[in-house]
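# Understanding the architecture of this molecule
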Amino acid sequence: MYPVKRSSQRLDLHELAIEDVDAVFAIYGSAEATEHLSFEPRSRAQVGDIVARSIASATATPRTEYALAVIERDTAELIGFGRIATDPHQQRGATFGFALRPDAWGVGYGVETVRLLLGLAFEELGLHRVWGARSPLNEASARTMTAAGMTQEGVIREYIQKAGRWRDSVVHSMLDHEWSARHN
């Protein structure tokens, strides 16, 4: 499916463009924004590579990755990044993740972003199960995924190595029939 374009009340979700490198770098290069993510802040060159790979993967057949820009409609600025990656080991399943610029935190954009990604997963991609993992310390992400209707499933022990230390990840998921029950 290409191109992806979904909208909520305040946000648009669409394909990344090479012009988005600086805006994605404002997220992926930020120590604050990546504090609870699975990686250290990225360099601008690394972000450029990520965006270029994401653009290339958008037209792959079959498409297995949806790396998308989160745009604030009022300002037309990229304020976030969302990703769905299908899992070849899980029938109709995928992982997802999202990150927002720190100055966009605390106003409900996270919940809108998660709902846009889940809507894409269930309504357009026909997936059965979508899951994401968060740092145990990221309470804001826990509240966001819960508010979007996801269920906290459990903990994957020592799943991520960051800054030379192993860290657990807390898993949240949603199933297609749970999405349908909330949105029909």
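Description of the structure in this document. Because the structure is a prediction, the values reported are computed rather than measured.

Following T61, the chain continues to P62 via a peptide bond in cis, the omega torsion being -5°. Relative to the assigned elements, P62 resides in the loop between α3 (44-57) and β3 (65-72). Positive phi, close to 60°, is recorded for A76, a residue that is not glycine. Its identity is not glycine, yet E158 carries a phi of approximately 40°, on the positive side. Relative to the assigned elements, E158 resides in strand β7 (residues 151-162).

What follows concerns the pairing of strand β5 (residues 93-100). Of all eight residues in β5, six are buried; the element is thus mostly enclosed. One ladder, built from seven bridges, connects strand β4 (residues 77-86) with β5; its direction is antiparallel. The residue bridging R83 from the neighbouring strand is G97, located in β5. Remark: six residues form the turn of the hairpin made by β4 and β5, two consecutive strands paired antiparallel; R92 in that turn has positive phi of roughly 50°. Pairing between β5 and strand β6 (residues 129-134): three bridges, direction parallel. Note on β6: the bridge partner recorded for T95 is W131. The β-α-β motif built from β5, the intervening helix α4 (residues 109-124) and the parallel element β6 has right-handed crossover chirality.

This part is about the packing of helix α1 (residues 21-28) against α3. Running from N to C, α1 and α3 cross one another at 120°; their axes reach a closest spacing of 9 Å. The angle between α1 and α3 falls in the class oblique. Handedness of the α1/α3 crossing: right-handed. Taken together, the residues of α3 that come into contact with α1 (itself represented by V21, D22, V24, F25 and Y28) are R44, V47, G48, I50 and V51.

Reading the values: rules and limits
- Residues numbered from 1 in each chain as written.
- Predicted model: local features only at pLDDT ≥ 70, side-chain atom pairs only at ≥ 80, totals over all residues.
- Heavy atoms only, no water.
- Helix = DSSP H or I, 4+ residues; strand = E, 2+ residues; numbered from the N terminus.
- Buried < 20%, exposed > 50% of the residue type's maximum accessible area, 1.4 Å probe, protein only.
- Pairing = 2+ DSSP bridges.
- Right-handed = clockwise from strand over helix to strand, strands pointing away.
- Axes fitted to C-alpha atoms, helices over the stretch in contact; angles between N-to-C directions.
- Parallel < 35°, antiparallel > 145°, perpendicular 65-115°, else oblique.
- Left-handed = near helix turned anticlockwise from the far one by under 90°.
- Contact = heavy atoms within 4.5 Å.

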